[in-house]
Amino acid sequence: MPFELVDAQTNVVTPIPAAADLVIGRSPTTSSSANHFITKINQRVSKEHARLRADAHGVALHNMSGNGVYIRGDARRLHSLVKQRRLGDGDEFCLLNPRKFAASPFMFRVRRVGAAAAAPA
């Protein structure tokens, strides 16, 4: 099943491609595909901060920034030593400060297309 990315600030839903990378960053570089780029304007967000690619088993998240990518529920941040993490339906990540996860304009949620909505806690 395909996956999509939900921007927690805007609720904009973007398909995560299987055949190309979806890049999140401040501005696309010449190596980025303009069709698969989410722009987040902030000086701490790198030009290409993170890359995502979907497959049948989930989504591969690649950290491309020294400022890090944080996974909800994981105290470690993704940095240059940990470049990749597998994500599944409902996983959330933040581009910058994890202590402000709930209010972060840089928080995203991975969602499997066609997955039933999770029951409220």
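Right above here is the structure, for reference.
Note that the coordinates shown come from a computational prediction; the quantities given were computed from them, not determined experimentally.

**Student:** For the overall build of the chain, give the residues involved together with the corresponding values.
**Tutor:** Per the secondary structure count, the chain includes zero helices and eleven strands. Starting at the N terminus and walking to the C terminus, you meet the elements of the chain as β-β-β-β-β-β-β-β-β-β-β. Expressed as a percentage of its 121 residues, the buried residues of the chain come to 40%. Carbon and sulfur atoms provide 53% of the accessible area of the chain, an area that totals close to 6700 Å².

**Student:** Go over the pairing of strand β3 (residues 22-25), please, and point to the residues and values.
**Tutor:** Side chains L22 and I24 of β3 all project onto a buried face; the interleaved residues V23 and G25 project onto the opposite face, where all are buried too. As judged from the three bridges shared by β3 and strand β5 (residues 50-55), these two strands associate in the antiparallel manner. The residue of β5 that forms the bridge with I24 is A50. By the bridge criterion, three bridges tie β3 to strand β4 (residues 37-39) in an arrangement that is parallel. Bridge pairing links V23 to F37 in β4.

**Student:** Kindly report on the sheet that holds strand β9 (residues 84-87), identifying the contributing residues and their values.
**Tutor:** Two orientations exist for strands paired in a sheet by backbone hydrogen bonds: parallel and antiparallel. Sheet architecture is open: five strands sit in the order β4-β3-β5-β6-β9, paired in mixed fashion. Of all the strands in the sheet, just β4 and β9 have a single pairing partner and so form its edges. Sheet twist, expressed as the mean angle between neighbouring strand axes with direction ignored, is 20°. In the sheet, β5 pairs with strand β6 (residues 58-63) via six bridges, with the strands oriented antiparallel. If you follow R51 over to β6, its bridge partner there is H62.

**Student:** Can you tell me about the environment of H49, naming the residues and giving the values?
**Tutor:** Mapped onto the fold, H49 is located in the loop between β4 and β5. The sequence separation of H49 and V23 amounts to 26 residues, and the corresponding C-alpha distance is 7.4 Å. Discounting chain neighbours no more than four positions away, the residues touching H49 are I24, G25, R44, H62, N63, M64, S65, N67, G68, V69, L95 and L96. Of the polar contacts made by the side chain of H49, one reaches the backbone oxygen of G68; its length is 2.8 Å. Polar side-chain contacts of H49 include one of 3.2 Å to the backbone oxygen of L95.

The rules behind each value
- Residues numbered from 1 in each chain as written.
- Predicted model: local features only at pLDDT ≥ 70, side-chain atom pairs only at ≥ 80, totals over all residues.
- Heavy atoms only, no water.
- Helix = DSSP H or I, 4+ residues; strand = E, 2+ residues; numbered from the N terminus.
- Buried < 20%, exposed > 50% of the residue type's maximum accessible area, 1.4 Å probe, protein only.
- Areas by Shrake-Rupley, 256 points an atom, 1.4 Å probe, with all protein chains shown as cover.
- Pairing = 2+ DSSP bridges.
- Axes fitted to C-alpha atoms, helices over the stretch in contact; angles between N-to-C directions.
- Contact = heavy atoms within 4.5 Å.
- Polar contact = N/O pair within 3.5 Å; in protein donor to acceptor, adjacent residues only side chain to side chain.

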